[in-house]
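# Breakdown of the fold
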Amino acid sequence: MTLVLAVGVLGCLAGDLIWFEAGRRWGSQIMRILCVFTSDPHYCARKAHKIFSKWGLRALIVAKFIPGLDGVTPPLAGAEGSTRPAFLAYDFCGSLLWSGLYAGLGYLFANRIAAIAASMARFGDILAALIGIPLACYAGWRVWIIVHMLRHLRLRRITPALLYEKIMSGEQVVIIDLLRFEEEPENSVGIPGAIRMDPARLRSRSKVVVPEHLGIILYCSSTAELTSARVAVALQKNGISNVWVLEGGLTAWRKEGFSVTSNLSTPSEAAERFGIKMIVRD
């Protein structure tokens, strides 16, 4: 039992320490990588930060029992500036509790392992179907979402130069800034005249009403425009088709030498200037 627990705890500590050091070095970039392929990256990152701010390193004690939380807690602890000894101490407790539970179950049911293995052999195909089919459906659904977003990117992209021409010609376009939305964006710069919005407001519970003559340009910090594509798909589901994604995001805009500003508009200012309305559904 001692050897089993030692191997289990050391394995957990080794893997978690790698993510902890990655969080210390790259900070919130690791969180963006971990959350980018979730259905709602903004909610994922916010929830992780909220849990950690409430419980701190104590969350490591139970994190391994909560799917998803175990993956984000170690890098988040590093990004938040936790010390290495404190992290290892709490992670040791959590790893020991997790390894001890399963090792203890194995010890208690040691005499019945043969019977359990025989039962699983008889019902193996049924268990595989019950587990595999839902997993395959979920994986297929996620692939369909990604393919749909990539298809949207190919069809509805606009270059920084063309956007600049539209702005200089006085054409009315709504530029929505989604830059680094998983962080606190107050100090980040954006395109002059852009509106900084939280993608969470574009969920299914809200309906955005935009005048037909207005075009909507989305941009984010991702050079692959994945964040903008997610929001574009959400707007399309709300019946807004005239949506474009800025090619290369803010990075490409700045490479072209176009100006940026930290004084961006708010959603309320956009509603007054462009006549955009947001209706919250029941």
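Notes on the structure follow.

## Some words on the side chain of D16
- As for its position among the elements, D16 is in helix α1 (residues 2–26).
- Note on D16: relative accessible area 8%, which makes it buried.
- Separated by 2.5 Å, the side chains of D16 and K64 make a polar contact.

## Points about the pattern of salt bridges
- Considering all chains together, one arrives at 5 salt bridges under this definition.
- E21 is the salt-bridge partner of R84, the closest N and O atoms lying 2.6 Å from each other. A residue pair is termed long-range when its members are at least 10 positions apart, and R84 in helix α6 (residues 84–108) and E21 in helix α1 qualify at 63 residues.
- Put simply, K166 and E171 hold a salt bridge, and the shortest N to O gap is 3.3 Å.
- The exposure class assigned to K166 is partly exposed, which follows from its relative accessible area of 21%.
- E171 gets classed as partly exposed once you look at its relative accessible area, which sits at 41%.
- Connected through salt bridges with shared partners, the residues D16, K64 and D91 form a single ionic network.

## Considerations on the nonpolar core
- Within the largest apolar cluster, 16 residues are counted, with the highest numbers of intra-cluster contacts made by V174, I176, L178, I216, L218, L235 and V243.
- Mapped by element, the contributors of at least two residues to this core are β2 (173–177), β5 (215–219), α10 (226–237) and β6 (243–246).
- The element contributing the most residues to this core is α10, with 3 residues.
- Beyond its immediate sequence surroundings of up to four residues, I176 is in contact with I195, M197, I216, I217, L218 and Y219.

## With respect to the pairing of β2
- The element β2 is largely enclosed, with a buried count of 5 among its 5 residues.
- Of the two faces of β2, both are covered, the one formed by V173, I175 and D177 as well as the one formed by V174 and I176.
- Both β2 and β5 contribute to a ladder of 5 bridges, which runs parallel. Looking at β5, one finds that D177 is bridged to Y219.
- Strand direction decides the pairing type here: β2 and strand β3 (residues 195–196), joined by 2 bridges, are parallel.

## Brief notes about the sheet that holds strand β1 (residues 157–158)
- As summarised here, the arrangement of the 5 strands in space is β1-β6-β5-β2-β3, forming an open sheet in which the pairing is parallel. A single partner strand is all that each edge strand has here, and the edge strands are β1 and β3.
- Judged from the 2 bridges that link them, β1 and β6 form a sheet pairing that is parallel. Looking at the pairing, I158 lines up with L246 of β6.

What counts, and at which threshold
- Residues numbered from 1 in each chain as written.
- Predicted model: local features only at pLDDT ≥ 70, side-chain atom pairs only at ≥ 80, totals over all residues.
- Heavy atoms only, no water.
- Helix = DSSP H or I, 4+ residues; strand = E, 2+ residues; numbered from the N terminus.
- Buried < 20%, exposed > 50% of the residue type's maximum accessible area, 1.4 Å probe, protein only.
- Polar contact = N/O pair within 3.5 Å; in protein donor to acceptor, adjacent residues only side chain to side chain.
- Salt bridge = Lys/Arg side-chain N within 4 Å of Asp/Glu carboxyl O.
- Core = buried A, V, L, I, M, F, W, Y, C linked by side-chain atoms within 4.5 Å.
- Contact = heavy atoms within 4.5 Å.
- Pairing = 2+ DSSP bridges.

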